[in-house]
Amino acid sequence: VPSFYMDRFEVTVAAFRRYVEDDPKNKPPHADSWKHCNYIREGGNFENHPVNCVDWHQANAYCEWAGGGRRLCSESEWEKAARGWDGRMYPWGNEQPSCEYAVLMEGEWGAGCKTGFTWPVGSKPAGASPYGVEDMEGNVNEMVADCYQDEYHGAPPDGSADLDCPDKDFTERVRRGLGDFNTDPGELGGKLLSRVYSRQGFREDSFNIESGFRCCRSR
């Protein structure tokens with residue numbers, strides 16, 4: 001993987017709000033209809049929580065707007081930052097997922113470590129990756145730049161991938177960090193969803209309360 005820089009934290013509501021203030025058309029069109037979208041939450045300060053309810057196009061546009069050569073991270077960059085140099089199972093090591101390391105579901109109805117919500121970014125420093133990147137598991141899962149393929153074999157190398165996916169009618173991108181605030185760590189361990197090599201395809205025009213993003217730039 002070529003050298004790169006990655007945001008230490010997921011993009012927050014406050015950061016995304018500055019993007020919207022620059023051009024009100026950038027407001028997440030879905031936010032007003034979903035009460036669990038951090039962008040419009042009432043009765044609490046969610047400005048330092050990860051922004052959610054944005055689709056892939058909005059995430060990609062935000063990183064470009066942020067400047068300095070920022071862009072959505074590639075899938076292999078994300079895995080490198082989470083897995084480190086020792087092939088660990090989780091960003092913090094090989095210990096099973098728990099609320100000590102990440103903002104997950106605790107108990108049957110304990111989303112967000114029993115708060116029901118995401119947490120401010122960086123709230124679980126014990127779960128940082130070996131490079132010091134935080135919340136790579138827990139809080140929200142993360143959209144990356146790549147078009148979805150069933151496996152890495154045959155995928156274009158970093159830096160050469162065309163962001164236009166081959167199938168225009170059903171364009172899928174990749175999500176990483178599949179353990180989020182609304183996921184049971186027991187389920188994670190059983191289904192491998194929170195392990196650093198776990199991956200999932202999603203429609204680039206879709207959104208949900210569990211998905212956010214961070215930005216990278218080439219070195």
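From a predicted model like this one, the values you see are computed outputs, not experimental measurements.

Trainee: How would you summarise the packing of helix 1 (residues 13-22) against helix 2 (residues 56-66) if you had to cite specific residues and measurements?
Mentor: When two helices pack together, their arrangement is captured by the angle between the axes and the distance separating the axes. Contact geometry for helix 1 and helix 2: axes closest at 11 Å, N-to-C directions at 85°. As summarised for this structure, helix 1 and helix 2 are arranged roughly perpendicular, according to the angle between their axes. The residues of helix 2 that touch helix 1, namely those facing Ala 15, Phe 16, Arg 18, Tyr 19 and Asp 22, are Gln 58, Ala 61, Tyr 62 and Trp 65. Among the residues making up the contact of helix 1 with helix 2, the classes are represented as six nonpolar, one polar and two charged.

Trainee: Residue-level account of helix 2, with values.
Mentor: Turning to helix 2, its buried residues number three or more, namely Trp 56, Gln 58, Ala 59, Asn 60, Tyr 62 and Cys 63. For helix 2, the elements touching its buried residues are helix 1, strand 2 (71-72), strand 3 (141-147), strand 4 (172-176), strand 5 (200-203) and strand 7 (215-218). Of the residues that open helix 2, the one with a side-chain oxygen 3.1 Å from the backbone nitrogen of His 57 is Asp 55. Residue Gly 67 follows helix 2 closely and has a positive phi angle near 80°.

Trainee: Let's hear about the pattern of salt bridges: which residues, and what values?
Mentor: Across all of its chains, the model carries 13 salt bridges by this definition. Glu 77 is the partner of Arg 71 in a salt bridge, and the nearest nitrogen-oxygen pair spans 2.8 Å. Residue classification places Arg 71 among the partly exposed residues on the basis of a relative accessible area of 24%. Glu 77 sits in the buried class, given a relative accessible area of 4%. For the salt bridge of Glu 75 with Arg 199, the shortest nitrogen-to-oxygen distance reads 2.5 Å. Taken as a pair, Glu 75 in helix 3 (residues 75-83) and Arg 199 in the loop between helix 5 (185-191) and strand 5 lie far apart in primary sequence, 124 residues in all. Each of the two residues, Glu 75 as well as Arg 199, counts as buried.

Trainee: Could you give me a rundown of the side chain of Asn 38, with the residues and numbers involved?
Mentor: Secondary-structure assignment places Asn 38 in the loop between helix 1 and helix 2. There is a polar contact of 2.7 Å between the side chain of Asn 38 and the backbone oxygen of Pro 50. In this structure Asn 38 touches Val 13, Phe 46, His 49, Pro 50, Asn 52 and Thr 118, once residues within four positions along its chain are discounted.

Trainee: Can you tell me about the packing of aromatic side chains, naming the residues and giving the values?
Mentor: Across all of its chains, the model carries 10 aromatic pairs by this definition. Each ring, one from Tyr 62 and one from Phe 213, has its centre 5.6 Å from the other, and the planes form 70°; the classification is edge-to-face. Here Tyr 62 is found in helix 2, whereas its partner Phe 213 is found in the loop between strand 6 (211-212) and strand 7, with 151 residues between them in sequence. In this pair, the class of Tyr 62 matches that of Phe 213, namely buried. Seen from their ring centres, Trp 92 and Tyr 101 are 5.0 Å apart, and the 5° between their planes marks the pair as stacked. Residue classification places Trp 92 among the buried positions, given a relative accessible area of 10%. Classification of Tyr 101 as buried rests on a relative accessible area of 14%. An aromatic cluster of three or more residues is present, and its members are Phe 16, Tyr 19, Tyr 62, Trp 65 and Phe 213. One Lys or Arg, Arg 17, reaches over the ring of Tyr 39 and ends 4.4 Å from the middle of that ring. A cation sits over an aromatic face here: Arg 173 above Trp 56, 3.7 Å from the ring centre.

Trainee: Give me the environment of Asp 150: which residues, what numbers.
Mentor: Inspection of the secondary structure assignment puts Asp 150 in the loop between strand 3 and strand 4. Remark: the alpha-carbon pair of Asp 150 and Arg 199, spanning 49 residues in sequence, is separated by 9.4 Å.

Thresholds, definitions, all that
Once a new chain begins, its residue numbering starts again from 1 and follows that chain's sequence as written. Per-residue local features are limited, in this predicted model, to residues with pLDDT of at least 70; the limit for side-chain atom pairs, both in listing and counting, is 80 or more; totals at the level of whole chains, interfaces and linings are taken over all residues. Only hydrogens and water are removed before side-chain values are computed, so all heavy atoms of the structure are retained for them. Fitting a line to C-alpha atoms yields each axis, with helices limited to the stretch in contact; the angle taken between N-to-C directions then spans 0 to 180 degrees. For helices the rule is a DSSP run of H or I covering at least 4 residues; for strands it is a run of E covering at least 2, with both sets numbered from the N terminus onward. Working definition: roughly parallel below 35 degrees, roughly antiparallel above 145 degrees, roughly perpendicular at 65 to 115 degrees, and oblique for all remaining angles. Should any heavy atoms of two residues lie within 4.5 Å, those residues are counted as being in contact. Side-chain classes are defined by residue name, with Ala, Val, Leu, Ile, Met, Phe, Trp, Tyr, Cys and Pro counting as nonpolar, Asp, Glu, Lys and Arg as charged, and the others, Gly among them, as polar. Each residue is assigned to one of three classes by its accessible area relative to the maximum for its type, calculated with a 1.4 Å probe on protein chains only: buried under 20%, partly exposed between the two thresholds, exposed over 50%. For this analysis, a polar contact is any N or O atom pair within 3.5 Å, provided that within protein one partner can donate a hydrogen and the other can accept it, and provided that sequence-adjacent residues contribute only side-chain to side-chain pairs. Here, a salt bridge means any side-chain nitrogen of Lys or Arg that lies within 4 Å of a carboxyl oxygen of Asp or Glu. Paired rings are identified among Phe, Tyr and Trp, the last through its six-membered ring, by centres lying within 6.5 Å, and are further divided according to the angle between planes into stacked (under 30 degrees), edge-to-face (over 60) and tilted (the rest). Only when the NZ atom of a Lys or the CZ atom of an Arg is both within 6 Å of the ring centre and within 35 degrees of the ring normal do we say a charge sits over the ring.

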